[in-house]
Amino acid sequence: MLFRIFAKKKNCMINKKRVTFSSKLGMILAAVGSAVGLGNIWRFPYEAGANGGGAFIIVYILCVFLIGMVAMIAEFLIGKMGRKNVVDSFNQLKPNSAWHYVGYIGLLAGVLIMGNYVVVSGWTLKYFLASSTFGLQDLTVSGYEEFFIKYTASSFEPIIYLVIFMFISHLLLSRGVKTGIEKASKIMMPILFILLLVLVINSLLLPNAIKGLEFLFKPDFSSLSYQGVLAALAQAFFSLSLGMGAMLTYSSYFREDVNIMRTTAQVVVLDTMVALLSGMVIFPAVFAYGASPEAGPGLVFKVLPNVFNQMPLGVLWSSIFYLVLIIACLTSLMSLHEVVIAYFMDKRGLSRRKASLLITIVVIVLGILSSLSMGKLNDLRLFGKTFFDILDFISASICLPLGGMLMSIFVAWILGKDKFVSGLTNDGKIVVNKTLLNVVFFLLKYIVPMAILIIFITSLL
Ligand code: PHE
C-alpha cells in the first residue's frame, strides 16, 4: 500500500491531545466554509431551475431545517464526543462494533466527491482568469456554449487547473488546523459574503429583476417530481456537507465549551442564505437578458458569461462572480481533504503533510479521469453514465443521505438520549430549552431516518 511508504511514525499521534480551533468565530467560519461551496452557487441554482424554481426551494428548505439541521447536530455530536477522525470517533463511542464502517463510507464519499469537485473548481479558476482578462467577451450565445464544451472536453488545460487547485488545498492544509483551516476561513469567508452581497445588489438593479425573483420564490408544484424531491434532499446533504464526516472531523476540533445547537443553527442559516443569495444573483440576471433558467449544470458556465457580457461593467461582475466561486470551492475542498487527512494522521500515524500529499495525488488521478470523461473518455460509460456522473451519483445521491441516516440512527438509538442531552448541554453547563431538546431528539430518532428512507425508496420506484 502506498501509505506504508509514507508511514514512519505509525500510531505516534494517537494519544496526543487533539488540536482545537482557537476561536468561536474561526470554528463557525470553518464549518460555513465547508458548507458554502459549489453546492450553493453552482448546484442549487441549476437544480432549482430544473425542478420548478419556487416549489423545489420550499421542499429544499423543509429538507434543510427538518432533516439536514438535525442530522448536522448528530454529526457534530459524534465528532465532538469522539474527538477523533471519521472512523475512530465511532470506535471511541461504540468500541468493538461495526459502526466505524459508517466512517469508511464517509472516507469513500469524500474521495469520490473530491474527484469531481476539483474538476469543477478548476473550471472556476479558468473562468475567473478568462473573464478578468477580457477573454469571455462578445461571443454569441452558441459561442459561449462552444467555449464551455470545448474547454471541458479538452485533455490538457482543465487538468492543469485541477492540479493547481488541489495543490493550493494541500499547501493550506499542511499548515494545520489553526493556521491552515481556521485562518484561511477567517480571511476568505467574509470576503465571499461581501462580494456576494455586491453581486446581489447589482442583479436586483437590472431591468426585469422581479421576474427572476418570481421564478425563484413562486412555487409551481406541477413541475416537481419525486426525483425532484430526492434531488432536494441530496442537495440539502451536499450543501450542508453532511453524511461523510466533514462536519464530524471539524467538530472533533471544536473547543470543549462549544454550543452545538447554536453553532448548527448559525451554519445552516448562513449556508441557506448563501444558496438563496446566489439564486438572487443568477435568476434576475438570467431573466433580464432573456436567457433560459433551466440550463442545467451549464447554467453558471454557459449561460451566465453571456448574461454578464451584456451587462454594463460585465467584466467586473463576472470576475467577482468567479472569484466568489473560487473561494467557495477552496474552503469546501479543504474540508473534504481534511476528513481523509485526519484519518491517515490518527490511524496510520502519517505526518499532516504526507497524509495531505498522498490524498492530493489520489484525487488528482480521479480528477483527471473525471475531467477526461467529458472529452476523450466520454464513451467509457456505465449504465449510460460517464465517470463524472457516476462519481456524483454514488457520492451525492447515495453515500451522503445513507451516511446521514446512519449517523442519525447512531446518535439516537445507540448513544441514546442521555448522551445526546449531555453532549448538547456540555454536561449541564449550557442551558438548552427542554422542549427543544425533546423535539430534536424525536426528529433524530424517527423522522430523519424514515424521511431519508422513504425518499430513497420512492425515487427508485
Ligand atoms: N457543502 C459543499 C458545497 O456546498 C460540498 C461538500 C459536501 C463539502 C460534502 C464537504 C462535504 O459545495
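1. Some remarks on the pattern of salt bridges
In a structure, side chains of opposite charge can pair up when their charged atoms sit close to one another. Scanning all chains against the criterion turns up 10 salt bridges. A salt bridge links Asp392 to Arg43; the nearest nitrogen and oxygen atoms lie 3.6 Å apart. With a gap of 349 residues between them, Asp392 in helix H17 (residues 387-424) and Arg43 in helix H3 (residues 38-50) connect regions that are remote in the sequence. Take Asp392: its relative accessible area is 27%, and that puts it in the partly exposed class. A salt bridge links Lys126 to Glu157, with the nearest nitrogen and oxygen atoms 2.9 Å apart. Here the residue Lys126 occupies a position in helix H6 (residues 100-132), and Glu157 occupies one in helix H8 (residues 157-174), the gap between them amounting to 31 residues. On the accessibility criterion, Glu157 (30% relative accessible area) is partly exposed. By sharing partners, the salt bridges in this structure join Arg43, Glu47 and Asp392 into a single network.

2. Notes on unusual backbone geometry
Positioned with a positive phi, Asn96 is a non-glycine residue whose angle comes to about 55°. Among the structural elements, Asn96 can be located in the loop between helix H5 (88-93) and H6. With a relative accessible area of 82%, Asn96 lands in the exposed category. Within the chain, Asp427 stands out as a residue other than glycine whose phi angle is a positive 55°.

3. What to know about helix H7 (residues 141-153)
What sets the pattern is the α-helix's 3.6 residues per turn: residues three or four places apart point alike. Between its first and last C-alpha atoms H7 spans 19 Å; for 13 residues at 1.5 Å apiece the expected length is 18 Å, and the two agree. Buried residues along H7 sit against H6, H8, helix H14 (299-310) and helix H16 (352-372).

4. Quick notes on the nonpolar core
Judged by nonpolar contacts, the single largest core of 165 residues is most densely connected at Phe321 and Phe420. Apart from residues no more than four positions distant in its own chain, Phe321 is found in contact with Ile41, Leu199, Val281, Ile282, Val300, Leu304 and Phe308.

5. Some words on the site of the ligand
Neighbouring residues of the ligand: 15 residues in total, closest Ala35, Gly39, Tyr117, Phe238 and Ser241. One nitrogen or oxygen atom from the main chain of Ser34 is found 3.2 Å from a nitrogen atom belonging to the ligand. The contact in question runs from an oxygen atom of the ligand to an N or O atom on the side chain of Asn40, over 3.3 Å. Protein contact buries 100% of the 320 Å² of open area that the ligand shows by itself. At the level of elements, helix H2 (24-35), H3, helix H11 (226-239) and helix H15 (314-348) are the ones that each hand at least two residues to the shell around the ligand. Of the residues in the shell around the ligand, the class split is 7 nonpolar, 8 polar and no charged.

6. Overview of the side chain of Asp88
Relative to the elements of secondary structure, Asp88 occurs in helix H5. A relative accessible area of 10% places Asp88 in the buried class. Separated by 3.2 Å, the side chains of Asp88 and Lys347 make a polar contact. Apart from the residues lying within four places of it in its own chain, the contact partners of Asp88 are Asp346 and Lys347.

Analysis parameters
- Residues numbered from 1 in each chain as written.
- Predicted model: local features only at pLDDT ≥ 70, side-chain atom pairs only at ≥ 80, totals over all residues.
- Heavy atoms only, no water.
- Salt bridge = Lys/Arg side-chain N within 4 Å of Asp/Glu carboxyl O.
- Helix = DSSP H or I, 4+ residues; strand = E, 2+ residues; numbered from the N terminus.
- Buried < 20%, exposed > 50% of the residue type's maximum accessible area, 1.4 Å probe, protein only.
- Expected span 1.5 Å × (residues − 1).
- Contact = heavy atoms within 4.5 Å.
- Core = buried A, V, L, I, M, F, W, Y, C linked by side-chain atoms within 4.5 Å.
- Near = heavy atom within 4 Å.
- Polar contact = N/O pair within 3.5 Å; in protein donor to acceptor, adjacent residues only side chain to side chain.
- Areas by Shrake-Rupley, 256 points an atom, 1.4 Å probe, with all protein chains shown as cover.
- Nonpolar A, V, L, I, M, F, W, Y, C, P; charged D, E, K, R; others polar.

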